[in-house]
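What the coordinates show
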Amino acid sequence: MESPIRIVVGLGNPGEKYTATRHNVGFHWLDQLADTLHASFRVEAKFHGLCARATQDDSECWLLKPQTYMNASGLAVAAICRFYKIAPEQILIVHDELDLEPGIVKLKSGGGAGGHNGLKSIIAQLSSQSFWRLRIGVGHPGNKHAVVDYVLHPPRKEEASRIEQAIDRSMQVWPLIARGDLAAAMHQLHTRGDK
């Protein structure tokens, strides 16, 4: 068993104009988890974000949606982790992933930022890469110069449907993640049509 996850961070940009964009699938995922766990977000200025306390069986964890904009996500993550003494290995970051097609979702520990500015900020603020990531595929526009515009627009209808299915599938492994059985969560998630 791994260390139990003590905080889940969904990445995205605040503001209505970003709500349905590809870059905000982390927020979308966390909203769905909060609904499932009957947790309510509230503004926490000292953590630069919206926070909720959630329980699953006997475990308790924090849910965080940074309100710093994507490129400064690390400020919020570092602030709450310092306050509650949360180690990088106890953090799950949920984010959009250009290198995975819509409908694909992967769980992994560690690694670089892969060009994702939210992850870059978190790595810089924590001085660590050893947090967990739930990577939700949004696909790639095919041209690196088109990436910024691509992630700041909503997915096409058929892509949105596949992304929603991937989110639903990853929700099913949340109880395993919550209790620290991340190897089992990975096995279950990665053998459900994610090949």
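Before any of the text, the structure's been laid out above.
Quick summary incoming for the structure in this document.

Parameters at a glance
For every chain, the first residue of its written sequence is number 1, and the numbers climb from 1 along that sequence. Totals for whole chains, interfaces and linings use every residue, but because this is a predicted model, local features are given only for residues with pLDDT of at least 70 and side-chain atom pairs only at 80 or more, for both listing and counting. In computing side-chain properties, one takes all heavy atoms of the structure into account and sets aside hydrogens as well as water. To obtain each axis, a line is fitted to C-alpha atoms, and for helices this fit is confined to the stretch in contact; angles are then taken between N-to-C directions over 0 to 180 degrees. The helix count covers DSSP runs of H or I at least four residues long, the strand count covers runs of E at least two residues long, and both are numbered beginning at the N terminus. Roughly parallel here means an angle under 35 degrees, roughly antiparallel means over 145, roughly perpendicular means 65 to 115, and every remaining angle is called oblique. Each helix crossing is assigned a hand: it is left-handed if the near helix lies turned anticlockwise from the far helix by less than a right angle, otherwise right-handed if that turn is clockwise. Any pair of residues with heavy atoms lying within 4.5 Å of one another is described as a contacting pair. Only protein chains enter the accessibility calculation, which uses a 1.4 Å probe; a residue whose area is less than 20% of its type maximum is buried, one above 50% is exposed, and one in between is partly exposed. Strand pairing is assigned whenever DSSP identifies at least 2 bridges connecting the two strands. Take a side-chain nitrogen of Lys or Arg and a carboxyl oxygen of Asp or Glu: if they are within 4 Å of each other, that pair is a salt bridge. Lys, Arg, Asp and Glu make up the charged group, whereas Ala, Val, Leu, Ile, Met, Phe, Trp, Tyr, Cys and Pro make up the nonpolar group; the residues left over, Gly among them, are polar.

**Let's talk about the packing of helix α2 (residues 73-84) against helix α3 (residues 117-126)**
The geometry of α2 relative to α3 is characterised by a closest axis approach of 7 Å and an angle of 40° between their N-to-C directions. By the angle between their axes, α2 is oblique relative to α3. As for how α2 packs across α3, the hand of that crossing is right-handed. On α3, the residues that touch S73, G74, L75, V77 and A78 of α2 are G118, S121, I122, Q125 and L126.

**Some points on the pairing of strand β3 (residues 49-56)**
Most of β3 sits out of view: six of its eight residues are buried. Between strand β2 (residues 42-44) and β3, which pair antiparallel in sequence order, lie four residues; one of them, H48, sits at a positive phi of approximately 55°. Pairing analysis gives eight bridges linking β3 to strand β4 (residues 59-66), with the strands arranged antiparallel. Within β4, the position partnered with R53 by the bridge is W62. The antiparallel pairing of β3 with β4 creates a hairpin that spans two residues between the two strands, and D57 there sits at a positive phi of about 55°.

**Some points on the pattern of salt bridges**
Evaluated as defined, the whole model comprises eight salt bridges. Residue R22 pairs with E159 through a salt bridge whose shortest N-O separation is 2.9 Å. Linking R22 in the loop between β1 (7-10) and α1 (25-37) with E159 in helix α5 (residues 157-171), this pair joins segments that are 137 residues apart in sequence. For the residue pair R22 and E159, the accessibility class agrees, reading buried in each case. Close ionic contact of R42 with E44 constitutes a salt bridge, the shortest N to O distance being 3.0 Å. Its relative accessible area of 42% is what places R42 among the partly exposed residues. One network of salt bridges, in which partners are shared, links R22, R156, E158 and E159.

**A few points about the packing of α1 against α5**
Here α1 crosses α5 at 45°, and the two axes come no closer than 11 Å. One element, α1, and the other, α5, form an angle in the oblique class. Crossing geometry of α1 relative to α5 is assigned as right-handed. Across from V25, H28, W29, Q32 and L33 in α1, the residues of α5 making contact are I163, E164, I167, D168, S170 and M171. Considering only residue class, the contact of α1 with α5 consists of six nonpolar, three polar and two charged.

Keep in mind these numbers describe shape, not what the thing actually does.
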